[in-house]
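Observations on chain architecture
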2 protein chains.
Amino acid sequence: MFKKNIKVLDCTIRDGGLMNKWQFSKELVKNVYDSCVAAGVDYMEIGYISSEDQFPRTEFGPWKFCAENDLREIMGENNTNMKISVMADIGRIKFDDIRPKSESVVDLFRVACYDYQIDKAIELAHHVMDKGYEATINLMAVSKVSDRALEQVLADVAESRIGTFYLVDSFGSLYSEDIHSLMDKYIAALPDKQIGFHGHNNTQLAFANTIECIRKGASMLDATMLGIGRGAGNCPLELLLSFLKNPKYDMVPVLRCIQDYIKPLQKDISWGYFIPYMITGSQNDHPRSAMAWMASENRDDYVSYYESVVKNKEV
Amino acid sequence: MFKKNIKVLDCTIRDGGLMNKWQFSKELVKNVYDSCVAAGVDYMEIGYISSEDQFPRTEFGPWKFCAENDLREIMGENNTNMKISVMADIGRIKFDDIRPKSESVVDLFRVACYDYQIDKAIELAHHVMDKGYEATINLMAVSKVSDRALEQVLADVAESRIGTFYLVDSFGSLYSEDIHSLMDKYIAALPDKQIGFHGHNNTQLAFANTIECIRKGASMLDATMLGIGRGAGNCPLELLLSFLKNPKYDMVPVLRCIQDYIKPLQKDISWGYFIPYMITGSQNDHPRSAMAWMASENRDDYVSYYESVVKNKEV
């Protein structure tokens, strides 16, 4: 499928870092960056942007903060066609800590929020736009948002200056019919805005749902190399590029980075299809209890985990 | 999704055995059988049926042959609600070696064929039906069949007495729009027949494509525990059951069998999402070159494999 307006955003480091607190070697991050540039990826999201007093540097690697000097150590002035993205959580970055775009290699702020935080998200997004950046709003956990609340969020976004709004399948629980129905709502409410999609792979549907979003008109698409990401992970970048067939994308640098740097991470980090993640996905639950189970010595006792989840629902 | 006419066929042993020449312990096969019965699975396909002179018993386990005494060691008279299926390849079973249904615990013969074998497939299917069995025809590798040839196959099947015809994504290369288009053709040509689907997971779309087939009217659905199967494997049974939500299905016996018997097989057999399988899927190729690559010492050199595949295409 060749669609000219499609943009691919790699969030290998940002989402993958949720599994190891962003403790990647500088060499690995540099290689992911170089590979994304060579592959023709449109945006690379390198981490979260947070004020330094929000988290201890002793515990978290540099991509929890995205300080300007750390960014420049990887990419210098980023004299490439690829744009640099950071994700901002509401309340984790002080407005005064955000420098003007003219002093930063960052191009895009993506503001992640829950439905009840939409006003704060729009405020932050407008603030960074006024400082010269692009901005998106990524509404998380939409599978738990009521129709009424979603209508209000979409109306607020429609009135804002934000150019791009994201459909996010936070729990990896959406089926194609859910995707179609949500995309119809997003497109109808936001006819002049770009729609993005970020999937999770709990039920092996992240790639499939990305395709359904493209069919419905989404044009900004998140993916990670080998699908690395929290829990079950994300839509694999290599699958997305193989589907798009857009001549500007090159698979080889992505495959090389996977074999040299990403695949070897599996020795220390478990992401991908595991039964506990599949259970939270199919139950439309946050994966946190599955992640705790996977970190326990009972990780391979699927029956006990399933029964605990179902029992909790029935109480 | 609750659809009353849906039938689930577990082919854990039949398709999984392609990875280890059906060298499963009797205890494992018995547990898969008991678990499928307890889970409410409609059919269990336990292996291929072949005449004894076709393959050496020294190399292949019993589920390459499905001799009646081996079947009965697992299931006795199979006094359950679950039906027993075997798969027949054209030319591997002599008609005279097929006993009448009254002397067998087998209920269903599934005849796998390529498009140019359709006449032989119908002949075999009619033969087993005349001996008292149910029969399906599973047309393999449809992604390589021309529109004209497919039309002829569908016309031949329409005129036959076969009750069920299968859409098979042999190479794991079909996207949802391909599935929709093929299902439309199958349903239009065979309005009075049941349509089945068997997917492969090369591009992580086996479950997604199964859902698309259900939406389009397929009602006989193949799956395997933890997706075990040749190369990238199949649609995971646990995902399919979680989607169907039909009260007759019970997830717990499946999860227990996975944790006790199937997951531990991963120590010796590699199936699932691996880059070489993803490459053949996205290129609409048979996975045999990927399986050879995975068995070689270069298995983690994805770039060389990709370049060899693309180069072969260009010659």
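Residues numbered from 1 in each chain as written. Chains lettered and ligands numbered in written order. Predicted model: local features only at pLDDT ≥ 70, side-chain atom pairs only at ≥ 80, totals over all residues. Heavy atoms only, no water.

**Some remarks on the overall build of chain A**
How we decide: The helix count covers DSSP runs of H or I at least four residues long, the strand count covers runs of E at least two residues long, and both are numbered beginning at the N terminus. What the globule rule says is 2.2 Å times the number of residues to the power 0.38, and the radius of gyration is computed from C-alpha atoms. Two residues form a contact once any of their heavy atoms are found within 4.5 Å. Shrake-Rupley sampling with a 1.4 Å probe provides the accessible areas, and residues are treated as covered by the protein chains on show and by no other component. When charges are counted, Lys and Arg are positive and Asp and Glu negative, with His and the chain ends excluded. A charge is said to be at NZ when it belongs to Lys, at CZ for Arg, at CG for Asp and at CD for Glu.
In terms of regular secondary structure, chain A is built from twelve helices and eight strands. In terms of overall dimensions, chain A is globule-like: its C-alpha atoms have a radius of gyration of 19 Å, near the 20 Å expected for 315 residues. Based on the C-alpha atoms only, the size of chain A along its principal axes is roughly 55 × 45 × 45 Å. In chain A, the share of contacts with a sequence separation of at least 24, taken over all contacts with a separation of at least 6, comes to 75%. Carbon and sulfur atoms make up 47% of the accessible area of chain A, which totals about 12100 Å². Here chain A holds 35 positive side-chain charges and 44 negative ones, and the gap between their average locations is 2 Å.

**Topic: the pattern of salt bridges**
Pairing of side chains with opposite charge becomes possible as their charged atoms draw close. All names here are of chain A. To be explicit about the condition: We count a salt bridge whenever a side-chain nitrogen from Lys or Arg sits within 4 Å of a carboxyl oxygen from Asp or Glu. The buried label goes to any residue with under 20% of its type's maximum accessible area, the exposed label to any with over 50%, and the partly exposed label to all in between, with areas taken from a 1.4 Å probe on protein chains only.
One pass over the full model with this rule turns up 46 salt bridges over all chains. For Glu45, the salt bridge identified is with Arg110, shortest N-O distance 2.6 Å. Linking Glu45 in strand β2 (residues 43-48) with Arg110 in strand β4 (residues 108-113), this pair joins segments that are 65 residues apart in sequence. For Glu45, a relative accessible area of 0% corresponds to the buried category. Its relative accessible area of 0% is what places Arg110 among the buried residues. With a closest N to O distance of 3.2 Å, Arg57 and Asp70 form a salt bridge.

**Focus on the nonpolar core**
Put simply, the test is: Working definition of a nonpolar core: buried Ala, Val, Leu, Ile, Met, Phe, Trp, Tyr and Cys residues. They are joined through side-chain atoms within 4.5 Å.
Ile46, Ile137 and Tyr186 of chain A together with Ile46, Ile137 and Tyr186 of chain B are the most contacted members of the largest nonpolar core, which totals 228 residues. What Tyr186 of chain A contacts, discounting residues up to four positions off in sequence, is Leu139, Val142, Leu150, Leu154, Phe165, Tyr166, Leu167 and Ile195 of chain A.

**Thoughts on the pairing of strand β8 (residues 220-223) of chain A**
Residues and elements named next belong to chain A. Quick note on the threshold: By the convention used here, strands pair only if DSSP detects at least 2 bridges between them. Looking down the strands as they point away from you, a crossover is right-handed if its path from the first strand over the helix to the second goes clockwise.
Residues Met220 and Asp222 of β8 are buried on one face, and the alternating residues Leu221 and Ala223, pointing to the opposite face, are buried as well. The pairing of strand β1 (residues 7-10) with β8 spans four bridges and is classified as parallel. If you follow Lys7 over to β8, its bridge partner there is Met220. Looking at chain direction, strand β7 (residues 194-198) and β8 are connected through two bridges and run parallel. Within β8, the position partnered with Phe197 by the bridge is Leu221. For the crossover from β7 across helix α7 (residues 206-216) to β8, the handedness is right-handed.

**With respect to the interface of chain B and chain A**
This is how the line gets drawn: Simply put, the buried area is the total loss of 1.4 Å probe accessible area from both parts when two parts are fitted together. For this analysis, a polar contact is any N or O atom pair within 3.5 Å, provided that within protein one partner can donate a hydrogen and the other can accept it, and provided that sequence-adjacent residues contribute only side-chain to side-chain pairs.
Of the residues lining the interface, 40 residues belong to chain B; the matching set on chain A comes to 40 residues. Overall, the association of chain B and chain A removes approximately 3400 Å² of surface from exposure, summing both partners, and the carbon and sulfur fraction of that is 65%. Summed over the shared surface of chain B and chain A, the number is two salt bridges. Close ionic contact of Arg215 of chain B with Glu177 of chain A constitutes a salt bridge, the shortest N to O distance being 3.1 Å. The interface formed by chain B and chain A contains 16 residue pairs in polar contact (both at pLDDT 80 or more). Looking at the side of chain B that touches chain A, the elements with two or more residues in it are α6 (176-189), α7 (206-216), α8 (237-244), α9 (251-262), α10 (275-282) and α12 (302-314) of chain B.

**Quick notes on the relation of the copies chain B and chain A**
Note the cut-off: The copies are overlaid by a least-squares fit using only the C-alpha atoms of residues whose pLDDT is at least 70 in both copies.
Mapping chain B onto chain A leaves a residual RMSD of 0.0 Å; the transformation is a rotation of 180 degrees accompanied by 0.0 Å of translation along its axis. A rotation of that kind, with that shift, is consistent with a two-fold axis.

**Some remarks on the packing of aromatic side chains**
Both the distance between ring centres and the angle between the ring planes are used here to describe each pair of aromatic rings. This is how it is decided: When the centres of two rings from Phe, Tyr and Trp lie within 6.5 Å, Trp using its six-membered ring, the rings pair. Their planes under 30 degrees apart give stacked, over 60 give edge-to-face, and anything left gives tilted. By definition here, charges over rings are those cases where NZ of Lys or CZ of Arg is within 6 Å of the ring centre and within 35 degrees of the ring normal.
Here the structure, examined in full by the defined rule, presents 22 aromatic pairs over all chains. Ring centres of Trp22 of chain A and Tyr48 of chain A lie 5.7 Å apart, and the angle between their planes is 85 degrees; this geometry places the pair in the edge-to-face category. Here Trp22 of chain A, found in the loop between α1 (12-16) and α2 (26-39), pairs with Tyr48 of chain A, found in strand β2; they are 26 residues apart in sequence, far enough to count as distant. Residue Trp22 of chain A is classed as buried on the basis of its relative accessible area, which comes to 3%. On the accessibility criterion, Tyr48 of chain A (8% relative accessible area) is buried. Measuring from ring centre to ring centre gives 6.2 Å for Phe207 of chain A and Phe243 of chain A, while their planes differ by 85 degrees; the resulting arrangement is edge-to-face. One end of the pair, Phe207 of chain A, is in helix α7; the other, Phe243 of chain A, is in helix α8 (residues 237-244), with 36 residues separating them in the sequence. For Phe243 of chain A, a relative accessible area of 4% corresponds to the buried category. The structure contains a cluster of three or more aromatic residues connected by ring pairs, namely Trp22, Tyr48, Phe55 and Phe60 of chain A. Sitting above the plane of the Tyr48 of chain B ring, Lys64 of chain B keeps its charged end 5.3 Å from the centroid.

**Section: the sheet that holds strand β6 (residues 164-168) of chain A**
All names here are of chain A. Heads up, the rule is: Throughout, an axis means a line fitted to C-alpha atoms (over the contacting stretch in the case of helices), and angles, computed between N-to-C directions, take values from 0 to 180 degrees.
Pairing in this closed barrel of eight strands is parallel, and the strands run β1-β2-β3-β4-β5-β6-β7-β8 around the ring. Strand after strand, the sheet turns through a mean of 25 degrees between neighbouring axes, direction not considered. Two strands pair when backbone bridges link them, and β1 and β2 are joined in this way by two bridges, in the parallel orientation. Within β2, the position partnered with Leu9 by the bridge is Tyr43.

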